[in-house]
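Here are the chains, one letter per residue:
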Amino acid sequence: MMNEATIVSDARAGRQTPIIISIVLALMLAMAPLPAWAETFRPDWVMLTIIFWSMTFPGNYSVGVAWIVGLIVDVAQGTLLGQHALAFAVIAYVTVKFHLQLRQFPMLQLTATVFAMLALYQFILFWINGVAGINAPVVVYWGPVLSGTMIWPLVSLVLDGVRQRVGRRR
Amino acid sequence: MAAAKSKKQHRSPYSPALGLRLLLLAGLSILIQYIDNRDNHLDAVRKTIGATVYPLRVIVDAPVSTWRWLGETTASRNELQLENSRLKTERLLTQARLQRYAALEAENARLRDMLEARTRVREQVRVAEILSVSADPFRHVLVIDKGTNAGVYDGQAIVDANGVVGQVIEAGVASSMCLLISDPGHDLPVEVNRSGLRTIARGTGNFNQLDLPFLPNNADIEPGDLLVTSGLGGAFPAGYPVAIVDSVRRIPQEPFASVTAVPSAALNQVREIMLIWPDASADSATDPVGVDTEAPDDAAAATPGDTVAEPGDDERGDDRE
């Protein structure tokens, strides 16, 4: 049992700086200025990063971390406090719950799953916006899903490089 | 990833508590969303997290502002000379117009005094720059580089050289978030400059269009009419240009005409905006930021004594419309 726990959460304290840096970088990408036409197709970098890390290190990067990062996104973007936090926590839950299956998936199938998760994520945001009385055009919700799915292979490739670094130092 | 896969073929030991944790966090986030949507009780939380986000904003903004700075410093001498002479001409013209304006303003104050109407309050303005940071994808917002440390407050009006841009919705410590008048959730009380007709201008989610949904078919409004703020909502000072009416369609069987207007301010390409403090007639000792006013003396002289305290109370309310 002890052994299992250490294997699963193999990104131990002190070795997590690259992971945290990747999350901060994703936050900055989410804030970076884009031309107006590209704005609606901005992938949700932070969500993709969180999906990757909670799939890879479910012991360290689970719903709690996702929730806190979501709260930071809420403040950074000025959305309703707790909106992204809730969506992040739900997606992290799904990811952690099925992380063993997700790791087995070939890239194509994994990308399709990420598409479904991003759609669920945007649906939660859409739902909360509806309750709060904020209406935005539909493309604002679908744009990030499509672009996020397309960029996912690249994101997972880059983050996998980071993961191997974290792993090698172990 | 292949290496990781082979080692981790087992159930994780923390799964049982996972659902519970999610439920707790989901409950918590619904609770804080409820509180956040109702009141501003969570301002402290926002400000604390916002302070940690601020450095990120500065870093993200840095490449763009560096690029602009480079462009300015490496501009050729010829270009600079051209720009300089253009600006000089512009300044001359503006000053000439301002002279006339000063005389008109004095006359206006005198007439209002004769009518015993309340003198229009003068405003203080301060320039703020827009950070190249993108924010809430669902709304039309922008981030400016001034916050509560510069006296910015929630609900403050912001304008650019051509017209009203929006209002501050979240004043952070060193940067603030502003809602544009083009946001679908933003309603602005306006009046038609030509006829004095008062109505509401509503954002459409399109930077180049505002809707005037509550005008009856027989309303006195035409394409080309200038809309200015009426000052009725309390958040915006009166008399700032907002938009120009571009189409009026009167449909006989509908109760309201469909009227659209084009905002005067270039909402999606502003770089600098002006923050307005609707207060200067009161003594400058109590003013929030100590920005110098144009002529506080004659404003105070023209203001009847009993109305001096008023603007601070009713004009600086932070209600959002």
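Here the structure is shown first, and the text comes after it.
Along every chain, residues carry numbers that run from 1 in the direction the sequence is written. The naming scheme follows written order: chains are lettered A onward, ligands numbered 1 onward. In view of the model being predicted, local features appear only for residues whose pLDDT reaches at least 70, and side-chain atom pairs are presented and counted only at 80 or more, with totals across whole chains, interfaces and linings using the full set of residues. Only heavy atoms go into the side-chain values, all of them from the structure, while hydrogens and water stay out.

Chemist: Residue-level account of helix H5 (residues 63–77) of chain A, with values.
Modeler: Residue and element names in this part refer to chain A. Numbering of helices and strands runs from the N terminus, with a helix taken as a DSSP run of H or I at least four residues long and a strand as a DSSP run of E at least two residues long. To estimate how far a helix should extend, the number of its residues minus one is multiplied by 1.5 Å. With 15 residues, H5 ought to run about 21 Å at 1.5 Å a step, and its terminal C-alpha atoms sit 21 Å apart, in line with that. Those residues of H5 not exposed but buried are Val63, Ala66, Trp67, Val69, Gly70, Leu71, Val73, Asp74, Val75, Ala76 and Gln77. Directly beyond the C-terminal end of H5, a positive phi value near 75 degrees is found at Gly78. Buried, partly exposed and exposed residues are distinguished by accessible area as a fraction of the type maximum, computed with a 1.4 Å probe on protein chains only: under 20%, between the cut-offs, and over 50%, respectively.

Chemist: Describe the interface of chain B and chain A, naming the residues involved and giving the relevant values.
Modeler: If you look at the interface, chain B gives 46 residues, while chain A gives 60 residues. Accessible surface is computed with a 1.4 Å probe, and the buried area is the amount of it that two parts give up when combined, taken over both parts together. Surface buried jointly by chain B and chain A totals about 4,700 Å² across both partners, of which 69% is contributed by carbon and sulfur atoms. Here, a salt bridge means any Lys or Arg side-chain nitrogen found within 4 Å of an Asp or Glu carboxyl oxygen. In this assembly, chain B and chain A are joined by zero salt bridges. N or O atoms closer than or at 3.5 Å make up a polar contact, with two conditions inside protein: a donor-capable atom paired with an acceptor-capable one, and, for residues adjacent in sequence, both atoms drawn from side chains. Between chain B and chain A we count seven residue pairs in polar contact (both at pLDDT 80 or more) in total. Among the secondary structure elements, those contributing two or more residues to the side of chain B that touches chain A are helix H1 (2–7), helix H2 (15–38) and helix H3 (43–73) of chain B. Pairs of residues are marked as contacts when any of their non-hydrogen atoms sit within 4.5 Å.

Chemist: Tell me about the packing of H5(A) against H3(B), and please be specific about residues and values.
Modeler: Between N-to-C directions, angles span 0 to 180 degrees; the directions come from axes that are lines fitted to C-alpha atoms, helices contributing only their stretch in contact. In the contact formed by H5(A) and H3(B), the axes pass within 9 Å of each other and the chain directions differ by 75 degrees. Here H5(A) is positioned roughly perpendicular relative to H3(B), judged by the angle of their axes. Facing A:Leu71, A:Ile72, A:Asp74, A:Val75 and A:Ala76 of H5(A), the residues of H3(B) in contact are B:Arg46, B:Ile49, B:Gly50, B:Val53 and B:Arg57. The nonpolar class holds Ala, Val, Leu, Ile, Met, Phe, Trp, Tyr, Cys and Pro. Asp, Glu, Lys and Arg form the charged class, and all remaining residues, Gly among them, are polar. The residue inventory of the contact of H5(A) with H3(B), partitioned by class, reads six nonpolar, one polar and three charged. Roughly parallel refers to an angle under 35 degrees, roughly antiparallel to one over 145, roughly perpendicular to one between 65 and 115, and oblique to any angle outside these ranges.

Chemist: Account for the pairing of strand S6 (residues 187–192) of chain B, with residues named and values stated.
Modeler: Residues and elements named next belong to chain B. Burial analysis of S6 places five of its six residues in the buried class, which makes it a mostly covered element. Note on pairing: two strands pair once DSSP finds at least 2 bridges between them. Bridge analysis of S6 against strand S7 (residues 198–203) gives five bridges, and the strand direction is antiparallel. In the sheet register, Leu188 faces S7, and the bridge partner there is Ala201. Taking the residues between adjacent antiparallel strands as the criterion, S6 and S7 are bridged by five residues, where Gly196 takes a positive phi near 80 degrees. Where S6 meets strand S9 (residues 226–229), three bridges bridge the pair, whose relative direction is antiparallel. Among the inter-strand pairings, Glu191 is bridged to a residue of S9, identified as Val228.

Chemist: Outline the nonpolar core, listing residues and values.
Modeler: Put simply, buried Ala, Val, Leu, Ile, Met, Phe, Trp, Tyr and Cys residues joined by side-chain atoms within 4.5 Å make one nonpolar core. The biggest cluster of nonpolar side chains holds 75 residues, and the ones touching the most others in it are A:Val46, A:Met47, A:Ile50, A:Trp53 and A:Phe88. In contact with A:Met47, other than residues within four places in its own chain, are A:Phe88, A:Ile91, A:Leu118 and A:Tyr121. Counting 43 residues, the second-largest nonpolar core is a separate cluster that includes B:Ala128, B:Ile130, B:Val242 and B:Leu267.

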